[in-house]
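In case you want the letters, here they are:
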Amino acid sequence: MQQTQQPKGATGLARHALPPASGDIAPDAWSVRILIVDPDPYLAEVWRFTLEARGYRVDIAHRFDIALAMARGRRYRALLVDVGLIGPEVPALLAAIRHEQPEAECVITTEFGLVEGVVQAINEGVYAYLTKPVLPGELISTVERALEKQRLERENRRMVAQLHRANQTMRELIDNIGSAVLLVDAGNQVELANRQALELLGLEEEMLRGRDADSVLRQCLAPRALDPEGVGIHLLSTRRQGVADLELVHPRRCVLRRRTVPLRGHDGSCLGRVEVITDVTADTECLERERGITAALQRCFLPEITPDVEGLDVAVRYQAAWEEARIGGDFYDLWALPGGRTAFAIGDVSGKGPAAAAHTAVIRHALRVYASEEASLATVLARLNRFVYQQMADQDCFATLFYGELSLAELRLRYVSAGHEPTLLWQAQGQPVTELGVGGPAIGAMRDGEYVEGTAAIPPGSALLLYTDGIVEARRGSDFLGLDRLAAVFAQRAAGTSAQALADSVYATTVSFAGGPLHDDAAVLVLRVR
């Protein structure tokens with residue numbers, strides 16, 4: 001832009017009032033253009049010099065019609081307007097220039113006492129006004145506050161638009177899941193429901209949001225249930241243990257599988273949960289065929305665990321669900337890592353049948369790959385979560401998982417849980433059993449799950465008990481075995497017992513409590529430090 005020659009004396013006044021521009025100029029200042037509208041050429045040039053010293057580009061108009069024409073041809077981020085120039089026509093003329101520059105912030109200057117013009121200008125939405133004489137520092141401060149307000153408003157609009165797009169994406173995603181999904185906050189109130197959930201419950205989303213989740217499910221499902229009185233027990237047990245089946249008889253006979261996935265913060269605090277309700281009704285012959293195929297797949301995928309691994313006494317007890325149920329995705333694993341470390345895992349993949357078995361194999365082998373590449377257990381699970389989410393989101397696949405690494409040289413355990421049942425640690429006779437549950441969300445439940453690593457001492461003789469939900473959800477009528485009973489059995493029988501005897505004892509206790517075959521897969525992995 002061609003520089004206008006400054007009037008005599010203007011340069012001297014500006015230089016005495018404001019230091020030359022220095023390194024504190026904002027990085028994007030040179031892209032900011034400001035329009036000064038003032039009939040006084042001397043003041044206009046002083047203000048131009050003051051603003052250009054800060055790195056801004058400045059144009060000057062001495063008449064309002066010229067300013068309006070310039071506003072139609074260039075984009076200005078700020079306007080500096082003398083109210084005295086436009087007099088009684090303040091509202092109309094300011095509205096005209098704001099129409100041409102809707103995003104520009106307007107600062108007005110006025111002679112002392114022209115209150116009426118100031119009030120009219122403020123009513124038109126100007127940012128601020130300055131009473132003449134205006135010091136350069138005051139001018140700079142006001143203009144830069146106006147520009148910062150403009151920047152914050154732009155950033156706010158951008159963030160609101162991003163949030164809106166993210167909400168739309170999430171909504172489209174959960175509406176395309178084959179299961180009913182409810183997002184429930186820490187206060188047990190429904191925050192969001194997908195299309196399938198609204199159809200299942202027969203409610204509009206406005207009628208569902210903000211209501212108590214258990215009350216809504218009880219109200220909508222009890223009239224249709226085979227055992228209406230048992231719906232409340234079903235809801236309670238599912239929230240505590242993570243999964244349960246409910247049989248409905250109206251308008252058709254069907255079995256719904258309800259899985260609860262807790263959402264936890266970095267510190268392990270409860271943020272809420274995701275309820276996934278899936279129709280698992282299928283033809284009996286198809287179930288039997290799938291069970292046979294799945295059982296064969298699982299036998300191929302589950303590793304052989306030797307009883308003595310790197311100074312550990314290790315035992316496994318695995319039992320597929322009874323023959324009238326479909327086998328799910330329970331799995332366990334144990335392998336050696338560099339540096340004398342031993343890695344181990346136990347998990348439960350969503351779904352049933354061959355698909356769940358195939359997903360189990362993929363997740364198990366992916367875990368081994370990431371564990372060999374990463375030193376941080378939290379990073380291992382974060383990478384596994386992203387992989388499962390990206391590759392299997394369209395298959396409604398997620399998994400709970402407990403992964404740990406033992407260093408016998410340091411007698412230390414590092415671990416991380418992805419929404420799995422707490423692992424139990426027994427360290428010595430007379431000491432309480434410790435629950436190990438630090439971690440994060442289930443694998444594949446959300447795109448960017450974050451995980452926290454926990455540690456624990458493992459003195460010689462200590463024992464770890466890992467298990468899947470088929471153990472703690474073993475039921476006798478409406479009563480579940482539960483974590484407290486399991487921990488009590490573990491504490492009573494851990495001292496002086498081999499890993500295999502301890503695994504067999506836990507499983508035998510579970511079957512005895514249930515009074516017969518278990519209705520879900522059950523896996524037990526015991527590690528005892530020699």
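Nothing here was measured: the structure is a model prediction, and the numbers come from that model.

> Can you lay out the packing of aromatic side chains for me, pointing to particular residues and giving the numbers?
How two aromatic rings sit relative to each other is set out by the distance from centre to centre and by the angle between their planes. As enumerated under the stated definition, the model contains four aromatic pairs in all. Ring centres of Tyr318 and Tyr332 lie 6.4 Å apart, and the angle between their planes is 55°; this geometry places the pair in the tilted category. Note that Tyr318 is positioned in strand S12 (residues 312–319) and Tyr332 in strand S13 (residues 329–337), a separation of 14 residues in sequence. By relative accessible area, which is 8% here, Tyr332 ends up buried. Between the NZ or CZ atom of Arg476 and the centre of the ring of Phe513, over which it lies, the distance is 4.3 Å.

> Outline the packing of helix H2 (residues 41–52) against helix H7 (residues 136–175), listing residues and values.
Where H2 meets H7, the closest approach of the two axes is 10 Å, and the angle between their N-to-C directions is 60°. Taken as axis vectors, H2 and H7 run oblique relative to one another. The chirality of how H2 crosses H7 is right-handed. Across the interface between the two elements, Trp47, Thr50 and Leu51 from H2 touch Pro136, Leu139, Ile140 and Val143 from H7. Partitioning the contact of H2 with H7 into residue classes produces six nonpolar, one polar and no charged.

> Summarise the pairing of strand S1 (residues 33–37); cite the residues concerned and give the values.
Burial analysis of S1 places five of its five residues in the buried class, the great majority of the element. In S1, alternate side chains face the same way, and those of Arg33, Leu35 and Val37 on one face and Ile34 and Ile36 on the other are all buried. Note that S1 and strand S2 (residues 57–61) share five bridges and pair parallel. The residue of S2 that forms the bridge with Ile36 is Ile60. As for the winding sense of the linkage, the β-α-β connection from S1 through H2 to S2 is right-handed. With four bridges joining them, S1 and strand S3 (residues 78–82) adopt parallel strand pairing. Note on S3: the bridge partner recorded for Val37 is Val81.

Calculation notes
- Here the residue index of a chain counts from 1 through its sequence in written order.
- Where totals are concerned, whole chains, interfaces and linings use all residues; where local detail is concerned, this predicted model gives features only for residues with pLDDT of at least 70, and gives and counts side-chain atom pairs only at 80 or more.
- To get the side-chain values, take all heavy atoms of the structure and skip hydrogens and water.
- The pairing test for Phe, Tyr and Trp rings, Trp by its six-membered ring, is centres within 6.5 Å, and the orientation test on the planes gives stacked under 30 degrees, edge-to-face over 60, and tilted for anything in between.
- Each helix is a run of H or I in the DSSP string that is no shorter than four residues. Each strand is a run of E no shorter than two, and both are numbered from the N terminus.
- Exposed residues in this analysis have more than 50% of their type's maximum accessible area, buried residues have under 20%, and partly exposed residues fall in between, with area computed by a 1.4 Å probe over protein chains only.
- Look at NZ for Lys and CZ for Arg. If either is within 6 Å of the ring centre and within 35 degrees of the ring normal, a charge sits over the ring.
- Axis definition: a line fitted to C-alpha atoms, limited for helices to the stretch in contact. Angles are taken between N-to-C directions and run from 0 to 180 degrees.
- An angle counts as roughly parallel when it lies under 35 degrees, as roughly antiparallel when it exceeds 145, as roughly perpendicular when it falls between 65 and 115, and as oblique in every other case.
- Left-handed describes a crossing whose near helix is turned anticlockwise from the far helix by less than a right angle; the clockwise case is right-handed.
- Any two residues whose heavy atoms approach within 4.5 Å at even a single point are treated as in contact.
- Three categories are distinguished: nonpolar for Ala, Val, Leu, Ile, Met, Phe, Trp, Tyr, Cys and Pro, charged for Asp, Glu, Lys and Arg, and polar for the others, with Gly belonging to the last.
- When DSSP finds at least two bridges between two strands, those strands are taken to pair.
- Handedness of a crossover: with both strands directed away from the viewer, a clockwise path from the first strand across the helix to the second marks it as right-handed.

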